[in-house]
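The residues making up each chain are set out below.
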Amino acid sequence: MLAEMRMITITMGRALVPDRGRDSVDVVTSSRKPAPTLSLSPATAAAVAHVLAPLELRLTAHRRAVLAALEISDRPLTTDEVVHRSGVPVSTVYRNLAELVEAGVVVRVAGAGGGDRHELAEPFSQHHHHHLVCVQCGIVTDFDPSAQLERLIDKEVGALLQSTGFEVSNHVFDVRGRCYDCVSAG
Ligand SMILES: [Zn+2]
Ligand SMILES: [Zn+2]
């Protein structure tokens, strides 16, 4: 009987193994951790490398994997989630996130208690958006307000320059409440 090589794809921290019966799944265990297969988009990698170079920080495989986990996600991630999805050791994730926040590549997102959450800074994600914050479980999800609301916010805050001399650089607009899961659980 021929032995068959099978690829196991790690996606978002989960191993996707074709369902072909319990006894045929014979995974050879290894002391080595699987290499992260998340990949950072070339455009983001180039933009990040440009910012890190003057700081004498390299875009290492670990930093790439951490950034890829944030880039692929549709919501800000806790440190534990970044560890789980990137396959990068926890102490390295803590250090890398702190360095990337310092460099302005990653931003800490205000949640509602619990651990810090992180996302790619808007100049790197190229996705201006706002957050829904669940005050019960702490999850933060992204949402895109209508173009009409964005124009209204820009107009209102732009007027502040006239009335107060406050020069606006960007805006952050969070909505707090309870997420669907928390509401459903009662
Ligand atoms: Zn919730
Ligand atoms: Zn906005």
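Let me sum up the structure you'll find in this document. Counting restarts for each chain, with residues numbered from 1 along the sequence as it is written. The lettering of chains begins at A and the numbering of ligands begins at 1, in the order of writing. The model is predicted, so local features are restricted to residues of pLDDT at least 70 and side-chain atom pairs to those at 80 or more, both for listing and for counting; the totals for chains, interfaces and linings are taken over all residues.

A closer look at the overall build of the protein
Here comes step 1: From N to C terminus, the protein includes seven helices and eight strands.
Here comes step 2: For every residue, the other C-beta atoms within 10 Å of its own C-beta are counted; 20 or more classify it as buried, 12 or fewer as exposed, and values in between as partly exposed. C-beta atoms are placed from the backbone. Counting every position in the protein, which comprises 186 residues, the buried fraction comes to 19%.
Here comes step 3: Residue pairs qualify as contacts under a 7 Å threshold applied to their C-beta atoms, which are placed from the backbone. Contacts in the protein between residues at least 24 apart in sequence constitute 54% of all its contacts with a sequence separation of at least 6. Comment: elements are numbered from the N terminus, with helices defined as DSSP H or I runs of at least four residues and strands as E runs of at least two.

Quick word on the packing of helix α2 (residues 61-72) against helix α3 (residues 79-86)
Here comes step 1: In this description, a line fitted to the C-alpha atoms serves as the axis of each element, helices being fitted only across the stretch in contact, and the angle between N-to-C directions of two axes falls anywhere from 0 to 180 degrees. Closest axis-to-axis distance for the α2/α3 pair is 9 Å, and the angle between their directions is 110°. Judged on the interaxial angle alone, α3 and α2 are roughly perpendicular. Contacts from A65, V66, A69 and L70 of α2 reach α3 at V82, R85 and S86.
Here comes step 2: Gly falls in the polar group here, along with every residue not listed as nonpolar (Ala, Val, Leu, Ile, Met, Phe, Trp, Tyr, Cys, Pro) or charged (Asp, Glu, Lys, Arg). Residues belonging to the contact of α2 with α3 are distributed by class as follows: five nonpolar, one polar and one charged. Angle categories: roughly parallel below 35 degrees, roughly antiparallel above 145, roughly perpendicular from 65 to 115, and oblique for all the rest.

Some words on the environment of P123
Here comes step 1: Structurally, P123 is set in helix α5 (residues 122-125).
Here comes step 2: With 12 C-beta atoms counted inside 10 Å, the residue P123 sits in the exposed group.
Here comes step 3: Measuring from C-alpha to C-alpha, the distance between P123 and T44 comes to 9.5 Å, with 79 residues separating the pair along the chain.

Details of the sheet that holds strand β6 (residues 130-134)
Sheet strands associate in pairs through backbone hydrogen bonding, adopting either a parallel or an antiparallel arrangement.
Here comes step 1: Within the open sheet, the three strands sit side by side as β7-β6-β8. Their pairing is mixed. Where the open sheet ends on each side, the last strands, each with one partner, are β7 (140-143) and β8 (174-177). Taking each pair of neighbouring strands and ignoring which way they run, the sheet shows an average axis angle of 25°.
Here comes step 2: Here β6 pairs with β8 via four bridges, running parallel. Bridge assignment links L132 to a residue of β8, and that residue is V175. Only when DSSP finds a minimum of two bridges between them are two strands counted as paired.

Remarks on the nonpolar core
Here comes step 1: What we call a nonpolar core is a set of buried Ala, Val, Leu, Ile, Met, Phe, Trp, Tyr and Cys residues whose membership is set by joining through C-beta atoms within 7 Å. Core analysis: the biggest nonpolar cluster contains 20 residues, and V66, L67, A69, L70 and V82 have the highest contact counts within it.
Here comes step 2: When residues of this core are assigned to their parent elements, the largest contribution, six residues, is made by α2.
Here comes step 3: Not counting the four nearest positions on each side in its chain, A69 is found in contact with L38, L77, V82, R85 and S86.

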